[in-house]
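# Structural overview
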Amino acid sequence: MKNERKSIWKILATAVLGLIGFSSCVSVTEGLEMYGQPHSDFKALGSVNDEKGNPIEGIRVAIQRHKGFGSKFDNDTVYTDSKGAYLLEKELFSAPDAVTVTFEDVDGEKNGGEFESATASPAIQQTKKGDGAWYSGTFQAEANAVLKKK
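Since the model is a prediction, treat every value here as computed from it, not as a measurement. (Residues numbered from 1 in each chain as written. Predicted model: local features only at pLDDT ≥ 70, side-chain atom pairs only at ≥ 80, totals over all residues. Heavy atoms only, no water.)

Turning our attention to the pattern of salt bridges. Evaluated as defined, the whole model comprises 5 salt bridges. Ionic pairing is found between Glu-89 and Lys-43, a salt bridge with its closest N-O pair at 3.8 Å. Placement of Glu-89 in strand β4 (residues 85-92) and of Lys-43 in strand β1 (residues 39-50) is noted, with a sequence separation of 46 residues between them. Given the relative accessible area of 30%, Lys-43 is considered partly exposed. Look at the salt bridges and you will find they share partners, linking Arg-65, Asp-76 and Lys-90 into a network. (Salt bridge = Lys/Arg side-chain N within 4 Å of Asp/Glu carboxyl O. Helix = DSSP H or I, 4+ residues; strand = E, 2+ residues; numbered from the N terminus. Buried < 20%, exposed > 50% of the residue type's maximum accessible area, 1.4 Å probe, protein only.)

Quick look at the structure:
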């Protein structure tokens, strides 16, 4: 009887500790995880027009950030609005070293025609200095595109 109680308590304790262990697992994301974690703000922005200067709505803008030795760091996608503008704002662990922006017409004729794709590699500018060891500041990459009709 005594050994049976010990066995039940061991099973119960193992189950509770297992649940506590699983509940402490979190996925690693680029968002802020805890107070005091180093980070920076990042913006990618710009506009997309046709050859006549008209804004193009619905263009897919893929923003690929690179960190160290040209390796891919992360990839985000946004779409242009009715004014042909796009904006991506993110909090990052560290500012990227380089950015590649790809513009692609994915909706066919809906936006006034079919347009060729284009790629840009805008410079990254620091628009706000960090205020200490934990905040690196704000960084921005601006790329505008003029797309030709197919």
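What follows covers the side chain of Thr-80. Here Thr-80 shows up in the loop between β3 (72-79) and β4. On the basis of relative accessibility, which here comes to 5%, the residue Thr-80 falls in the buried class. Only 2.8 Å separates the side chain of Thr-80 from the backbone oxygen of Ile-56, close enough to count as a polar contact. A distance of 3.0 Å separates a polar atom in the side chain of Thr-80 from the backbone nitrogen of Gly-58. Ignoring anything within four residues of it in the chain, the contact list for Thr-80 reads Val-48, Ile-56, Glu-57, Gly-58, Ile-59, Val-61, Ala-85 and Tyr-86. (Polar contact = N/O pair within 3.5 Å; in protein donor to acceptor, adjacent residues only side chain to side chain. Contact = heavy atoms within 4.5 Å.)

In this section: the nonpolar core. Soluble globular proteins tend to pack their nonpolar side chains together in the buried interior. Counting residues in hydrophobic clusters, the biggest one holds 22 residues, and the most contacted among them are Ile-63, Tyr-86, Val-101, Phe-103 and Leu-147. Broken down by secondary-structure element, the contributors of at least two residues to this core are β1, β2 (59-66), β4, β5 (98-105), β8 (135-142) and β9 (145-147). In contact with Leu-147, not counting residues within four places along its chain, are Val-48, Asn-49, Asp-50, Glu-51, Ile-56, Ile-59, Phe-103, Phe-115, Glu-116 and Ala-118. (Core = buried A, V, L, I, M, F, W, Y, C linked by side-chain atoms within 4.5 Å.)

Burial within β2 is extensive, with 6 of its 8 residues counted as buried. The pairing of β2 with β5 spans 8 bridges and is antiparallel. The residue bridging Val-61 from the neighbouring strand is Phe-103, located in β5. (Pairing = 2+ DSSP bridges.)

Time to look at the environment of Glu-142. Position of Glu-142 relative to the elements: it lies in strand β8. Owing to a relative accessible area of 45%, Glu-142 belongs among the partly exposed residues under this scheme. Taking the C-alpha atoms as reference, Glu-142 lies 7.5 Å from Ala-123; in sequence the two are 19 residues apart. Excluding its chain neighbours within four sequence positions, the residues that come into contact with Glu-142 are Leu-45, Gly-46, Pro-122 and Ala-123.

Treat this as a map of the structure, not an account of what it does.
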